[in-house]
Amino acid sequence: EDQVTQSPEALRLQEGESSSLNCSYTVSGLRGLFWYRQDPGKGPEFLFTLYSAGEEKEKERLKATLTKKESFLHITAPKPEDSATYLCAVSNTGTASKLTFGTGTRLQVTL
Amino acid sequence: DVKVTQSSRYLVKRTGEKVFLECVQDMDHENMFWYRQDPGLGLRLIYFSYDVKMKEKGDIPEGYSVSREKKERFSLILESASTNQTSMYLCASSSVAGALDTQYFGPGTRLTVL
């Protein structure tokens, strides 16, 4: 059974204070790893897909990296508008198209 | 841009009522999914569909059914709503080509069953 564990559960940063969110996964055959951002009361918004170890993707202040066991979402010089819950998910080569989600990291960025 | 819409943002129903939640996507995606999201439990898959008139059970199908009569539309049905079905319901779609497995979500329906 695929498993995704995200840490920390919650993170509070000051504006400009860089940090990383962790997503550890156990999957028999990784097909893809996905990062989403979710604002309160809204649906998840797609950020990145990573397909192989060593791959990196960037978008504004966010950078996602992937190893064979985990993924990191690095947030550089965050702003208050980066406050949200960040979700990680994986898809398996044996159960294509279905995603297994972690429970998320709730990020708060203060002035 | 991919657009997934859901019929209601907020819904309040009584125990025992039959409830329909509708989802429409405009990107000609083959796959569609229904999840529920509860605090501390994350997103849990209820049902999904790979094609018109095809459906498969997810992790928590009990108490739910689905219908996919057209490619762009996927409906979730609560046959007899119960209080433990109070939750945020999220619909998503994905393509078998292009951005493989990437799911795009609708805005969600917050359902309260009294």
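The structure under discussion appears in the preceding block.
Reference entry: report on the structure contained in this document. Small disclaimer: the values here were computed from a predicted structure and weren't measured.

**Section: the overall build of chain A**
Point 1. Counting secondary structure elements, chain A contains zero helices and 11 strands.
Point 2. Written out in order from the N terminus, the α and β elements of chain A read β-β-β-β-β-β-β-β-β-β-β.
Point 3. Against the globule reference of 13 Å for 111 residues, chain A gives a C-alpha radius of gyration of 13 Å, in line with a compact fold.
Point 4. In terms of overall dimensions, chain A has C-alpha extents of about 45 × 30 × 20 Å along its principal axes.
Point 5. Taking all 111 residues of chain A together, 47% fall into the buried category.
Point 6. For chain A, contacts bridging at least 24 residues in sequence account for 55% of all contacts bridging at least 6.
Point 7. In chain A, 13 side chains carry a positive charge and 14 a negative one; their mean positions are 3 Å apart.

**With respect to the side chain of S91(A)**
Point 1. Within the element layout of this structure, S91(A) appears in strand 9 (residues 84–92).
Point 2. Assessed through its relative accessible area of 0%, S91(A) is described here as buried.
Point 3. Apart from the residues within four sequence positions on either side, S91(A) is in contact with V27(A), G29(A), L30(A), R31(A), G32(A), F34(A), K98(A), L99(A) and D101(B).

**Some points on the pairing of strand 7 (residues 64–70) of chain B**
Residues and elements named next belong to chain B.
Point 1. Two elements, strand 7 and strand 8 (residues 73–78), share five bridges in a ladder whose sense is antiparallel. In the strand pairing of strand 8, Y64 is matched with L78.
Point 2. Connecting strand 7 to the next strand, strand 8, in antiparallel fashion are two residues.

**As for the environment of R9(B)**
Point 1. Within the element layout of this structure, R9(B) appears in the loop between strand 1 (4–6) and strand 2 (10–13).
Point 2. The class of R9(B) is partly exposed, set by a relative accessible area of 36%.
Point 3. The spatial distance from the C-alpha of R9(B) to the C-alpha of R36(B) is 14 Å, given a sequence separation of 27 residues.
Point 4. Not counting chain neighbours up to four residues away, the residues in contact with R9(B) comprise G41(A), K42(A), P107(B), G108(B), T109(B) and R110(B).
Point 5. A distance of 2.8 Å separates a polar atom in the side chain of R9(B) from the backbone oxygen of G41(A).

**What about the nonpolar core?**
Point 1. One finds L33(A), W35(A), L73(A) and Y86(A) to be the most contacted residues of the largest nonpolar core, which totals 23 residues.
Point 2. At four residues, the largest contribution of residues to this core is made by strand 9 of chain A.
Point 3. Core analysis: the next-biggest nonpolar cluster, separate from the first, contains 20 residues, V4(B), C23(B), A81(B) and Y89(B) among them.

**Overview of the interface of chain B and chain A**
Point 1. The interface is formed by 23 residues belonging to chain B together with 19 residues belonging to chain A.
Point 2. For the chain B and chain A pair, buried surface summed over both sides reaches about 1,600 Å², with 54% attributable to carbon and sulfur atoms.
Point 3. Between chain B and chain A we count one salt bridge in total.
Point 4. For the salt bridge of R31(A) with D101(B), the shortest nitrogen-to-oxygen distance reads 2.7 Å.
Point 5. Where chain B packs against chain A, one counts 10 residue pairs in polar contact (both at pLDDT 80 or more).
Point 6. Elements represented by at least two residues in the side of chain B that touches chain A include exactly strand 4 (31–38), strand 5 (42–49), strand 9 (87–94) and strand 10 (104–105) of chain B.
Point 7. When grouped by side-chain class, the residues that make up the side of chain B that touches chain A number 14 nonpolar, seven polar and two charged.

**Examining the sheet that holds strand 3 (residues 19–25) of chain B**
Residues and elements named next belong to chain B.
Point 1. The strand order across the open sheet formed by four strands is 1-3-8-7, and the pairing between neighbours is antiparallel. Edge positions in the sheet fall to strand 1 and strand 7, since each has one partner strand and no second. Neighbouring strand axes in the sheet, compared pairwise and without regard to direction, differ in orientation by 20° on average.
Point 2. The sheet contact formed by strand 1 and strand 3 spans three bridges and is antiparallel. Within the sheet, the bridge partner assigned to T5 lies in strand 3 and is V24.

**Side note on the environment of R36(B)**
All names here are of chain B.
Point 1. Tracing the backbone shows R36 in strand 4.
Point 2. Under the relative-accessibility criterion, R36 is labelled buried at 8%.
Point 3. It is 21 Å that separates the C-alpha atoms of R36 and D51, two residues lying 15 residues apart in sequence.
Point 4. If we skip the residues at most four places from it in the chain, R36 touches G42, L43, R44, I46, I60, Y64, N84, Q85, T86, S87, M88 and Y89.
Point 5. Within the structure, R36 has its side chain in polar contact with the backbone oxygen of T86 (distance 3.4 Å).

Thresholds, definitions, all that
Residues numbered from 1 in each chain as written. Chains lettered and ligands numbered in written order. Predicted model: local features only at pLDDT ≥ 70, side-chain atom pairs only at ≥ 80, totals over all residues. Heavy atoms only, no water. Helix = DSSP H or I, 4+ residues; strand = E, 2+ residues; numbered from the N terminus. Rg over C-alpha atoms; globule rule 2.2 N^0.38 Å. Buried < 20%, exposed > 50% of the residue type's maximum accessible area, 1.4 Å probe, protein only. Contact = heavy atoms within 4.5 Å. Lys, Arg positive; Asp, Glu negative; His and termini not counted. Charge placed at Lys NZ, Arg CZ, Asp CG, Glu CD. Pairing = 2+ DSSP bridges. Polar contact = N/O pair within 3.5 Å; in protein donor to acceptor, adjacent residues only side chain to side chain. Core = buried A, V, L, I, M, F, W, Y, C linked by side-chain atoms within 4.5 Å. Buried area = accessible area lost by both parts, 1.4 Å probe. Salt bridge = Lys/Arg side-chain N within 4 Å of Asp/Glu carboxyl O. Nonpolar A, V, L, I, M, F, W, Y, C, P; charged D, E, K, R; others polar. Axes fitted to C-alpha atoms, helices over the stretch in contact; angles between N-to-C directions.

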